[in-house]
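Understanding the architecture of this molecule
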Amino acid sequence: MISDDEKKRRIVSYIFIMVSVVLFMIATVELYVRRDDISSLLIYSYLCFSAYALLGTALVILNSQTLRTAFSGILRLKFTMSAQLRGISRSGRTHILCCLMVTLLCYLMLRDTLRPGFPRDYLNGTVAFYIAKVNMILQGFTRYIPPCYFLTSSWYCVEYPLLRFYPPLSTLVPLLLAKILGNVELTYNILCFLAYTAYCLGIYCFSASYFNKILSGLIAAFLWSICNVNLTSFQGMYWEATRELGDAVIPWTLLAVERYFQGHKKGTGITIALMCMWSTLSNTISMFEELVNFTFYTLVRAITSGSLKKGVRLIGEVLTYTAITTAWWLIPAIIPYGISGYLVGPPGPLRSFAYLFLNPEPKVGKFVIQLPLTLLGLIGLCLGLILRCKEILPLGTMFVLWVALIYSINVQWCRLIPMCALFLALLTAAIPYSIKLVKKGSLHRAADVISLALTMIMIAHYLPYYSSQCVVDYTVLQSDEYSSAVWLWDHVGTRYRVYVMYGDHYKGSQWINAFRPGIRQVLGGFDQGIINMGKTRCFEVDAAVKWGDTDKLYRLCKEFHIRYIAIDSTWMRKHNPEGLSRLMSAPFLKLSIRFKHCMIFEVKGISPLDLVQEKRS
């Protein structure tokens, strides 16, 4: 029998759900009726936020008893090394020592980044966009509109929501820490190191627990710390501290799933959901990797353990709570434009398996995996299958899944290669465990010694090279990007807008707001794909400059009050010399200054923004 209190509680919950559905329908209609009006997007955000807040409240009411049990279970689910590995070793000191060794290796790899400064290969550091965002907010924003809208006039000729299209935690967390440390670059560098170390420690804990062998944990963590695509995914090519923040929870999620199937059910769903929420609100790539890893690994683990129903229940619980806690950002960021906007860009050419997995000396910046790691991982996979090691099947299945994904997704597929490397490292850790099944003591010890020796040889070989690449300094101050930012700020301040090109040699639109946040660009940031989905006219300026359409360019300059045009002259000479000639001969353009790769033109007859604002007022 259902009690009267229970009936009342369910009635209230159903009312909340009905109101949520109605608000969501109204919001959707509002979006499509007024999709060309920017105010409709704000209204849509408000309504969706309210709808999901009510829906979340309803689910909380419906599952109040479940949530109370789950939250109490969190206290028991401790993610400390001694608690996770208590069944492996009687002494926690061994695990503490192993964790210190992993941390030391991470420090040796990244020690030259733990100071203020920019990546030495600054031209390929998208951290510039995040530094610009934080600097803009620190210097003041125009106004705040829930949910989490910081508006700036520095990008895209409009009051642009800084936290709308890219996950907010990668900006808000560094913002709070920058207020404490007093330096934005140092903040991101420290966060990068902490996330890198947390990632490696998570792999150690998962491997040691999964194989019930400390050596397996050390091998996996050591190999991952010197993995080329691990370095490249955030340092060598992009310096993606934001992705590292989101990816760091992946091994801890796998560990939580393992504990769930080992019988530790209380609080596991909430804990995994919180990690999925963190990953989702940190980086869109890490969101995809985290959700795919959790969902498919849970399914594989459920099938191999004969507990499919239990696995499906965990997936439903985690995805529900994750949706509730992230919908306030996901709805206004994705629904109006679609997920395809986040995959905008030409598909890169698919590489052969040999190129991606069999390169013995890959350079930082290439999304490829070292040959030794690939060989060791495949040996671990084959050895586990031959010896019928049941623990090998989930890891092998996940490796095959990620290989299939990189060959089936033709846009940004290379960004998924680190996941292949991750499971190769875990498969390598299976070698000493698989040999243990032979039950010959001398063979066990030989396998342990050989596995550890090969790992140490790889560390000795790769660590000096990779650590020499992970350096921050201020060589950026001698760049065209910095020089042009200073020059433009001195000449225009906030009185005019400027067009700044992003080219192969001069990446001004990426960097100048990192140095001078107040410069009002026609472009800027890296949400161009999303904005372009809405057909924002400021991108017409970019096309007019690059292809030398001078008549249209002058009309747009007058409309958007563009006083200066900064181009990548080296790029223009290579790709469109005729367009460069038309710009050089345009009567309304005057060459003001020339740098190594950058040329800045002044546009004649442009009225300042201040005068326009005074006329309107």
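Residues numbered from 1 in each chain as written. Predicted model: local features only at pLDDT ≥ 70, side-chain atom pairs only at ≥ 80, totals over all residues. Heavy atoms only, no water.

**Structural notes on the overall build of the protein**
Operational definition: The numbering of helices and of strands both runs from the N terminus, where a helix is a DSSP run of H or I of at least 4 residues and a strand a run of E of at least 2. Three exposure classes are used, based on accessible area relative to the maximum for each residue type with a 1.4 Å probe and protein chains only: buried under 20%, partly exposed in between, and exposed over 50%. Any pair of residues with heavy atoms lying within 4.5 Å of one another is described as a contacting pair. Residue exposure ignores everything except the shown protein chains as possible cover, and the areas themselves are Shrake-Rupley values with a 1.4 Å probe.
Looking only at helices and strands, the protein features 29 helices and 10 strands. Evaluated residue by residue, the protein yields a buried proportion of 56% over its 617 residues. The long-range fraction of contacts in the protein, counting pairs at least 24 apart against all pairs at least 6 apart in sequence, stands at 76%. Entry remark: accessible area of the protein is about 26200 Å², with carbon and sulfur atoms responsible for 63%.

**Re the nonpolar core**
Note the cut-off: In this description, a nonpolar core means a group of buried Ala, Val, Leu, Ile, Met, Phe, Trp, Tyr and Cys residues linked to one another through side-chain atoms lying within 4.5 Å.
Ranked by size, the top nonpolar core spans 180 residues in total, and within it Tyr-204, Ile-565 and Ile-567 carry the most contacts. In terms of residue count, helix H8 (residues 184-211) provides more of this core than any other element does, 17 residues in total.

**Brief notes about the environment of Leu-108**
You can see Leu-108 is positioned in helix H5 (residues 92-110). You can call Leu-108 partly exposed: its relative accessible area is 30%. Considering only alpha carbons, one finds Leu-108 and Pro-464, 356 residues apart in sequence, at a separation of 9.0 Å. Leaving out residues up to four positions away in the same chain, Leu-108 has contacts with Leu-463 and Ser-467.

**Topic: a nonpolar patch on the surface**
As a reminder, the rule being used: A patch consists of residues exposed above 30% relative accessible area that lack any salt bridge, with like charges linked at up to 9 Å and nonpolar side chains (Val, Leu, Ile, Met, Phe, Trp, Tyr) linked at up to 5 Å. Every case where a carboxyl oxygen of Asp or Glu lies within 4 Å of a side-chain nitrogen of Lys or Arg is listed as a salt bridge.
Where nonpolar side chains cluster on the molecular surface, the patch consists of Leu-350, Phe-353, Leu-358, Leu-375, Ile-379 and Tyr-407 and spans about 490 Å² of accessible area. Inspection of the secondary structure assignment puts Ile-379 in helix H17 (residues 371-386). The exposure class assigned to Ile-379 is partly exposed, which follows from its relative accessible area of 45%.

**Structural notes on the environment of Glu-391**
Residue placement: Glu-391 occurs in the loop between H17 and helix H18 (392-408). Residue class for Glu-391 comes out buried when judged on its relative accessible area of 14%. Every residue in contact with Glu-391, bar those within four places of it in the chain, is listed here: Tyr-210, Phe-211 and Tyr-433.

**Side note on the packing of aromatic side chains**
Where we set the bar: Ring geometry is summarised as follows: Phe, Tyr and Trp rings, the Trp one being its six-membered ring, pair when their centres sit within 6.5 Å, and such pairs are stacked at plane angles under 30 degrees, edge-to-face over 60 and tilted between the two. A ring is scored as having a charge over it whenever the NZ atom of a lysine or the CZ atom of an arginine sits within 6 Å of its centre and within 35 degrees of its normal.
Tallied over the full model, the rule gives 23 aromatic pairs. Considering the side-chain rings of Phe-118 and Phe-515, the 5.6 Å spacing of their centres and the 70° angle between planes classify their relative orientation as edge-to-face. Of this pair, Phe-118 sits in strand E1 (residues 118-119) while Phe-515 sits in helix H23 (residues 508-515), and the two are 397 residues apart along the sequence. Like Phe-515, Phe-118 is buried. Taken together, the aromatic side chains of Phe-118, Tyr-474, Tyr-482, Trp-511 and Phe-515 make up a single cluster linked through ring pairs. One Lys or Arg, Lys-546, reaches over the ring of Trp-571 and ends 5.8 Å from the middle of that ring.

**Here's the deal with the sheet that holds strand E9 (residues 589-594)**
Hydrogen bonds between backbone atoms are what pair the strands of a sheet, whose relative direction is either parallel or antiparallel. Keep this limit in mind: Should DSSP find at least two bridges between two strands, the strands are regarded as paired.
A sheet is described by the order of its strands in space; here five strands give the open sequence E7-E6-E8-E10-E9, paired in mixed fashion. The two strands at the open ends of the sheet, each matched to only one other strand, are strand E7 (520-521) and E9. Where strand E8 (residues 562-568) lies against strand E10 (residues 598-603), five bridges are found, and the strand directions are antiparallel. When the bridges of E10 are listed, Tyr-564 appears paired with Glu-602.

**Looking at helix H12 (residues 250-261)**
The test is simple: A helix is expected to span 1.5 Å for every residue after the first.
Taking 1.5 Å of rise per residue, 12 residues should cover 16 Å, and H12 covers 17 Å from first to last C-alpha, within 8% of that figure. Here H12 lies mainly inside the structure; 12 of its 12 residues are buried.

**A short note on the pattern of salt bridges**
Per the stated rule, a full pass over the model turns up nine salt bridges. Close ionic contact of Asp-448 with Lys-213 constitutes a salt bridge, the shortest N to O distance being 3.4 Å. One end of the pair, Asp-448, is in helix H21 (residues 441-469); the other, Lys-213, is in the loop between H8 and helix H9 (214-225), and 235 residues separate them in sequence. Between Glu-240 and Arg-415 there is a salt bridge, with its nearest N and O atoms 2.5 Å apart. You can see Glu-240 sitting in the loop between helix H10 (228-236) and helix H11 (241-247) and its partner Arg-415 sitting in the loop between H18 and helix H19 (417-428), a full 175 residues away along the chain. On the basis of relative accessible area, Glu-240 is assigned to the buried category, the value being 7%. The buried category is assigned to Arg-415, whose relative accessible area is 10%. In this structure, a network of salt bridges that share partners links the residues Arg-243, Asp-247 and Glu-289.

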